Amino acid sequence: MNMQILNRLARRAGMLSLAAIPVVGIIGPSAAEPGGLAGSWSGGGWVSFASGSKEKARCHARYSGGGGSYTVTATCATASGKASQTAKVYKAGGNSYKGSFFNSEYNVRGSIRVTVHGKSQSVSLSGDGTAAQLSLSRR
């Protein structure tokens, strides 16, 4: 292909991507919401147990929803085991979200706070004598 054709194709592709911007707003808030949570995240941090012990954790979380309300399903692994939990978070203002979580396997429930920093987030959980501090990034 010659350069003139390549340039025309590149300009058309650019126009198509610009033309798609208004459509994103119509698709739904989760797709257009800057700093939104929808999608997969992974990372790690620390979990403190009611017994007083503290363990390093690796976690994977999946957020679904949008418009300031998300459902979270997450699995975390520590040296002593693996656990899955669900949570519901709501936009609390700016780039922060708060809500509640539940782990059916251990019957633990509590509060969750999420603060988004671009492609990363800080997560704090506390409840029933257990606490966690995690840092997750988009996958």
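Everything that follows concerns the structure shown earlier in this document.
Quick caveat: nothing in here was measured; it's all calculated off a predicted structure. (Residues numbered from 1 in each chain as written. Predicted model: local features only at pLDDT ≥ 70, side-chain atom pairs only at ≥ 80, totals over all residues. Heavy atoms only, no water.)

### Re the sheet that holds strand 7 (residues 120–127)
Moving on, step 1. Taken together, the 8 strands give a closed barrel; going around it, the order is 1-2-3-4-5-6-7-8, and neighbouring strands pair in antiparallel fashion. Neighbour-to-neighbour, the strand axes of the sheet open up by a mean angle of 25°, direction not taken into account.
Moving on, step 2. Examined bridge by bridge, strand 6 (residues 108–117) and strand 7 share 7 bridges and lie antiparallel to one another. Note that in strand 7 the partner of Ile 112 across the bridge is Leu 125. (Pairing = 2+ DSSP bridges. Helix = DSSP H or I, 4+ residues; strand = E, 2+ residues; numbered from the N terminus. Axes fitted to C-alpha atoms, helices over the stretch in contact; angles between N-to-C directions.)

### With respect to the nonpolar core
Moving on, step 1. Ranked by size, the top nonpolar core spans 24 residues in total, and within it Leu 37, Tyr 63, Val 89, Val 114, Val 123 and Leu 134 carry the most contacts.
Moving on, step 2. If you list the elements that add at least two residues to this core, you get strand 1 (39–48), strand 2 (54–66), strand 3 (69–78), strand 4 (81–93), strand 5 (96–103), strand 6, strand 7 and strand 8 (130–138). (Core = buried A, V, L, I, M, F, W, Y, C linked by side-chain atoms within 4.5 Å. Buried < 20%, exposed > 50% of the residue type's maximum accessible area, 1.4 Å probe, protein only.)

### What to know about the environment of Phe 49
Moving on, step 1. Relative to the elements of secondary structure, Phe 49 occurs in the loop between strand 1 and strand 2.
Moving on, step 2. Sequence spacing of Phe 49 and Gly 127 is 78 residues, and the spatial spacing of their C-alpha atoms is 9.9 Å.
Moving on, step 3. In this structure Phe 49 touches Glu 55, Thr 78, Ser 80, Gly 129 and Thr 130, once residues within four positions along its chain are discounted. (Contact = heavy atoms within 4.5 Å.)

### Some points on the state of the cysteines
Moving on, step 1. Counted by the stated rule, this structure contains 1 disulfide.
Moving on, step 2. What pairs with Cys 59 in a disulfide is Cys 76, and their sulfur atoms sit 2.1 Å apart. Disulfide Cys 59-Cys 76: the torsion about the S-S bond is 115°, which places it as right-handed. Remark: Cys 76 occurs in strand 3 and Cys 59 occurs in strand 2; sequence separation between them is 17 residues. Comparing Cys 59 with Cys 76, the two get one shared label, buried. (Disulfide = S-S within 2.5 Å.)

### Brief notes about the pairing of strand 7
Moving on, step 1. Burial along strand 7 is one-sided: the face carrying Gln 121, Val 123, Leu 125 and Gly 127 is buried and the face carrying Ser 120, Ser 122, Ser 124 and Ser 126 is not.
Moving on, step 2. Hairpin geometry of strand 6 and strand 7 is characterised by an intervening segment of 2 residues between the two adjacent antiparallel strands and by a positive phi of about 70° at Gly 118.
Moving on, step 3. In this structure, strand 7 lies alongside strand 8, joined through 8 bridges in antiparallel fashion. By the bridge assignment for strand 8, Ser 120 is matched with Ser 137.

### What about the environment of Ser 100?
Moving on, step 1. Looking at the element boundaries, Ser 100 is found in strand 5.
Moving on, step 2. For the pair Ser 100 and Arg 113, spaced 13 residues apart in the sequence, the C-alpha separation amounts to 8.4 Å.
Moving on, step 3. Leave out the neighbours within four places in its chain, and Ser 100 touches Thr 86, Ala 87, Lys 88, Gly 110, Ser 111 and Ile 112.

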